[in-house]
Structures are given as structure tokens and as C-alpha cells.
Amino acid sequence: MADTFTVERAVMNYRDEERTIFLILKDGVPVTSVNKHLVVSQCKKARPASAIAYRTCVFMTYLASMGLSFETAALDTVYDFLCWLFVEEAKSYTTIMAYITELDALYTSLILQG
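Starting afresh in each chain, residues are numbered from 1 along the sequence in its written order. Thresholds applied to this predicted model are a pLDDT of at least 70 for local features of residues and 80 or more for the giving and counting of side-chain atom pairs; totals over whole chains, interfaces and linings are not thresholded and use all residues. Side-chain numbers here rest on the full set of heavy atoms in the structure, without hydrogens or water.

A.B. asks: Please give an account of the overall build of the protein that cites residues and values.
C.D. replies: Helix numbers and strand numbers start at the N terminus; a helix is a DSSP run of H or I with at least 4 residues, a strand a run of E with at least 2. If you tally the helices and strands in the protein, you get four helices and three strands. Secondary structure elements of the protein, listed N to C terminal, follow the sequence β-β-β-α-α-α-α. It is over C-alpha atoms that the radius of gyration is taken, and the globule rule equals 2.2 Å times the number of residues to the power 0.38. The C-alpha radius of gyration of the protein comes to 14 Å, within 12% of the 13 Å expected for a compact globule of 114 residues. Projected onto its principal axes, the C-alpha coordinates of the protein cover approximately 45 × 30 × 25 Å.

Now the structure itself:
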């Protein structure tokens, strides 16, 4: 059975202000390395950026359905995911570009985290 990924709303303090952020959970447990990226990217926004979390969740769910994780996905797998979005899910060019931008930011963040 594939892992179950969900997006959950959380409240955190950021610069002495309560902020709503969106985090990803895997079977009810926070995905720490991905959530570090989500927290940083959402704190840069004026409003909560749920789309970033939901798109990342779709990607992680796709990987799990293939028996992979975000740590083991190769570039070919990311390409297959983007093709799946276009063909099977009928996503627009604009939406696919948003996925590319967000996946690039995610993997750059993961590299910087070590």
C-alpha cells in the first residue's frame, strides 16, 4: 500500500506574529525535510501559500504510487511526473510551470539542507 500524504494547516510564530502555514504529513507524521522548505517559502509570502504545499503533496503521492520517494527520484521520474500532469491530469502549461518552479526550489532547498 502506498504512503498517504496529506496537507495540514498549522499556526506558527514568525517575527512575533502568528502565521498560518501548510505542512505535509506522511501517514500522519510531518515530513521534516520537506516541511523545512515549505515553512521558509511560505514565510516569505504575505499570505499563506497552500498551493505550494498541495503541489508538493501531489508530487510525493505520485512518487509513492511508483514505489519511490523524493529522495530517490531521478530526473527521468520528475519528467514522467510532468508528462503525467499534462496528459493524464490535463493540467495547463501555466500549472506545469508552477510545478517546475516549486520542484526546483524544493530540490535546491534539500541540497542546501544537506
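Continuing now.
A.B. asks: Give a detailed account of the pairing of strand β1 (residues 5–13), specifying residues and quantitative values.
C.D. replies: In this description, strands pair whenever DSSP reports at least two bridges between them. Where β1 meets strand β2 (residues 18–26), nine bridges bridge the pair, whose relative direction is antiparallel. Its bridge partner lying in β2, Thr6 is registered against Leu25. The antiparallel pairing of β1 with β2 creates a hairpin that spans four residues between the two strands, and Arg15 there sits at a positive phi of about 55 degrees.

A.B. asks: Go over the nonpolar core with me, naming the residues and quoting the values.
C.D. replies: Only buried Ala, Val, Leu, Ile, Met, Phe, Trp, Tyr and Cys residues count toward a nonpolar core, and they belong to the same one when joined by side-chain atoms within 4.5 Å. A simple rule labels every residue: compare its accessible area, found with a 1.4 Å probe on the protein chains alone, to the largest value its type can have, and call it buried under 20%, exposed over 50%, or partly exposed in between. Counting 27 residues, the largest nonpolar core has Ile24, Val34 and Phe81 as the members making the most contacts within it. Of all the secondary structure elements, the ones that give two or more residues to this core are β1, β2, α1 (32–43), α2 (50–65), α3 (75–87) and α4 (93–113). By the convention used here, residues are in contact when the closest approach between their heavy atoms is within 4.5 Å. Residues contacting Phe81, with those up to four places away along its chain left out, are Val58, Phe59, Tyr62, Tyr99 and Leu103.

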